[in-house]
Structure formats: structure tokens, C-alpha cells
Amino acid sequence: MLTQDKKQRNWKPIIKEFEAVLGKKGVIKRREELITYECDGLSSYRQRPDVAVLPRTTEEVAAVVKICNKYSVPFIARGSGTGLSGGALPIENCVLIVTSLMRQILNIDLDNQRVVVQPGVINNWVTQAVSGAGFYYAPDPSSQIICSIGGNVAENSGGVHCLKYGVTTNHVLELKVVTPTGEIVNLGGQVPETPGYDLTGVFVGSEGTLGIATEITLRILKTPESICVLLADFTSVEAAGAAVSDIISAGIIPGGMEMMDNMSINAVEDVTALNVYPRDAVAILLVEIDGLEVEVKVNKQRVIDICKQNGARNVTSASDPEQRLKLWKGRKAAFAAAGHLSPDYYVQDGVIPRTQLPYVLKEIESLSEKSGYKIANVFHAGDGNLHPLILYDNSVEGALEKVEEVGGEILKLCVKVGGSISGEHGIGADKRCYMPNMFTKADLDTMQFVREVFNPKGLANPEKIFPTPRTCGEAARTVTENNQKFIGVDRY
């Protein structure tokens, strides 16, 4: 593990070796240029890296990592920097390996429905590359026009369509990976199932702690024959949540099912001026039905009936591609719109069982009232992936610490009702203190065994995912009879 006194490190020989591999333009060392890389999308936490490097090939990544291994220098991979859990947050005296120049689509194989890309390829580029032939790439985070596939793999990103089609891990067939010692290995294969351990599944979602993916083989899907988006508006969040449960209970699996509360609705309309979301609705539900034309026709009417049975005032539909895009545009802009409600916001990423939606949303409302901080709710309703946006002003002393506490209470609430502390944003630096809320010591030790096999010196993305005494308080462990989950981790 990291034993060298980081403050004594001499960077000159290390930088010289980096420049020998990447050239001077491939190594960033001026302080003013490194400001760009001091945080990811979780901008509340900042740490400037000492050096950033810009490789373009697998071999260059491997050479850089070998240098890091030689000098025991911690390194962190970074794509587009859109992550929301501090996964690409630098630590003191580290190297940032930036993959944004690795943006080639290396191969498109339509016959076998797969595409091979470098990690810097933007999510939306994959669909753009194959849409003309009637295909698309299903995982679609809200940031899909700017987030990179490498980051999606690291965090196991989801998106609007993960309810029916699954998250990133369900669409990755093979990975070319540079291990933390600089070796190049292939995980998975060109077919969905390969013999041996599922190392692809282990790597996807490992948040850069097991190595760096440099080539990624993705599964693409045929565009559905028919697609329809429904917009239902409700006079209560509880009614909208009940409609979600009833739709799934009826055996209907929508392509996507999203919910927004009144605060989010008005923020989006203020920013986008789409004039599609009713401003007086307490909550809206967006439901996308796709498949064969006859299937969509039947399920569309069933969803309308269920929404009205649960008190929906109006249900509108859109089948035209342009109108569908317009309905989804507001939801995709929700995080950005929150920036117009408040100088800062802190977003969480808990997951709950669908049946617990009404209860949990009521509890979040109580937390908002108790803390004095407004909370806007935008979430993947179909799979219970919540994204509460806690609004605050970071210029007010102590405000960040207070909203972190509120966010922590929301995560504990998610675990309490049988959920998870993350659905797609990852654990990163932000939520590692809450890992003991979900996992026993034996669970966490087992995860660390896996990490140490790939990452024996602890150089790859240290201080992420797992709690450490330096940043996390002792867990006040309360074991429930059913699930043996630990409750009550506090930050120092």
C-alpha cells in the first residue's frame, strides 16, 4: 500500500519519463492549467492534481501506469469529469490520467450488434454512429451528450432506459484493461457469455480502483418498431408513486418511467421554456412504451387507465420523434435547471423499492422542513432510483456540512426501507462513509480482497469507495434481524 511520504516526492524524473512517452504536450504540469481537473461534477470537493497526462492509446496508458507503479505514484483515471460522487477527485500528490483524447470508435459490427470504442467516446456518439442503420445504445444518463463511455463503465451508469434495458454492465461484452501494474489484459469476450469468472462484471462499476479500460466492446440494440411517451400530471406525489407501482404490478415494463415534483417542473420550464409540463402539477410522470406497434397500442391505453385510476388529471401522449424528444428534454435538463433555483445544490443517488416511494418521499419532505433546506425531487421512478437535489448556498459558512448531513439521512432512509446508497452515480469520495450502512465488515473485507488482487499497492484511485479512519467516524452498528445491515455512520 502507499507508504512513501508523499510530500517528499521528487516529480522531475517522473515528469521526464511521462514526456518521453507522451511528448511535452501530453503532460500538463502548470498550476493554472491543472485547475481544470481539480474536481468532477461534485464540485463541492476540490483537490488539484500535481500532474495530468493525456494518452491516446492503450500502449501509452500502460506505459504511464508502469511509471506510476515504478515510483509508487497514485493515479486516477478521468474521462469527461461529469461524475457526481467524486470518483475522479484527485488526491494530494497524484497523477490524473485523462482519457478525453481517446475518442475513436474503433469498430462497428452491425451484423453482431456490437461497437468497439475508446473510453473518451461520448455516450451519445455511439447511438449517432449506428442510428442510421436502425440501432441504438440503450444506457442514457442525463449527461449523455457530454459524459464518456469510460466513466459510464467505471460508475456502471444507468439512465432513463435502464428500467427495461439495464445499466451499463448489461451492455458491455468485452474490455481491454490496463491493470494498476501496467499490464494489458482482456476481460470478457465477443459473445454475451464466456467461461470462467465474470471479470467484466467485476470491473464495471469498480470506479477506477481495478485499472483503466482502454477499449470497450458495447452491445447495441435494434430501434423498436413503435415508441410512445405519455405525460401524466398528478395533484400529489403519493398518487404518482402509486401509479408507478401499479404499472409495474400490471406486468408492463416501460422503456423508461420518470417522475418530477413541482419544484423541478417549474425550474425546468423556467430554463427551457418548453411549455409542455403543467406548472400547477404537484408531480408529473413520464412513461415511455416501446416495442411492436400492437404491443405499444395496448400498453399505452393500460398505462393511461392506471394513471387515471390513481388520480391523474390529464394524460397526454406523443409518438412523433420530435414531440417525444421535447417531452424528454425537460427531464434531461432537470439537474442543470436546479442551478437556477439556488447558487449550489447537492445531489444524492439512493435507491428504494418502488412500493416505498410514497413513504420515502414524505420522509424527504419532512427532512426538508426540519433542516430548512429545499429539496427538489427528480428520479427514475420505475426502478426507485432517487435523485433528491438539496438546494443551498456554499458561500454560507457551514452550509455544505449541513446539507451533507441531510443527504446522509436520505441515504440511511433508503437503506432502512431495503434499498441502496447508490443506483448509478457510484460511491466515490462522497458516500464511502456510508458503506457500512449497507455492508458488514466481512462484506467490505471481501471487496477489499478483490481490490488488492488487481491493485496490490493501492495506487489506482485510492481513497474511494471504502471508508477510512481518516475521513469516517466509527459506525454505530445496529444489525437488523432480516438483512444484517449496519445503520448509523457519522462523519467527523
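Check the entry above for the structure.
These lines cover the structure that appears in this document, whether it is placed above or below. Values in this document were obtained by computation on a predicted structure and should not be read as measured data.

**Observations regarding the sheet that holds strand β10 (residues 212–219)**
Then, in step 1: Taken in spatial order, the 5 strands line up as β5-β6-β10-β8-β9 in an open sheet, and their pairing is antiparallel. Among the strands making up the open sheet, the edge pair consists of β5 (105–109) and β9 (184–188). Strand-to-strand twist across the sheet, computed as the mean angle between neighbouring axes with direction ignored, equals 15°.
Then, in step 2: Both strand β8 (residues 172–178) and β9 contribute to a ladder of 5 bridges, which runs antiparallel. Along β9, the bridge assignment pairs Val177 with Val185.

**Side note on the packing of aromatic side chains**
Then, in step 1: For the coordinates displayed, the defined rule picks out 2 aromatic pairs.
Then, in step 2: Between the aromatic rings of Tyr136 and Tyr165, the centroid separation amounts to 6.4 Å while the plane-to-plane angle is 90°, which identifies the pairing as edge-to-face. Placement of Tyr136 in strand β7 (residues 135–136) and of Tyr165 in helix α6 (residues 162–165) is noted, with a sequence separation of 29 residues between them. Like Tyr136, the residue Tyr165 is buried in the burial classification.
Then, in step 3: Between Phe335 and Tyr345, the ring centres sit 6.5 Å apart and the planes meet at 65°, which makes this aromatic pair edge-to-face. Taken together, the residues Phe335 in helix α12 (residues 334–338) and Tyr345 in strand β16 (residues 344–347) connect sequence positions 10 residues apart.
Then, in step 4: Phe335 gets classed as buried once you look at its relative accessible area, which sits at 14%.
Then, in step 5: Relative accessible area serves as the criterion here: at 25%, Tyr345 is assigned to the partly exposed category.
Then, in step 6: In this arrangement the basic side chain of Lys222 is found over the ring face of Phe135, its NZ or CZ atom lying 4.8 Å from the centre.

**What to know about the nonpolar core**
Then, in step 1: Ranked by internal contacts, the top residues of the largest apolar core, which has 52 residues, are Phe234, Ile247, Met259, Leu285 and Cys307.
Then, in step 2: Apart from the residues within four sequence positions on either side, Phe234 is in contact with Ala239, Ala240, Ala243, Ala281, Val282, Ala283, Leu285, Cys307, Asn310, Gly311 and Ala312.
Then, in step 3: Residues Ala267, Tyr277, Ala337 and Leu389 belong to the second largest nonpolar core, which totals 25 residues.

Rules behind the numbers
Residues numbered from 1 in each chain as written. Predicted model: local features only at pLDDT ≥ 70, side-chain atom pairs only at ≥ 80, totals over all residues. Heavy atoms only, no water. Pairing = 2+ DSSP bridges. Helix = DSSP H or I, 4+ residues; strand = E, 2+ residues; numbered from the N terminus. Axes fitted to C-alpha atoms, helices over the stretch in contact; angles between N-to-C directions. Phe/Tyr/Trp six-rings, centres within 6.5 Å; stacked < 30°, edge-to-face > 60°. Buried < 20%, exposed > 50% of the residue type's maximum accessible area, 1.4 Å probe, protein only. Lys NZ or Arg CZ within 6 Å of the ring centre and 35° of its normal. Core = buried A, V, L, I, M, F, W, Y, C linked by side-chain atoms within 4.5 Å. Contact = heavy atoms within 4.5 Å.

Such coordinate-based values are descriptive only and should not be taken to indicate function.
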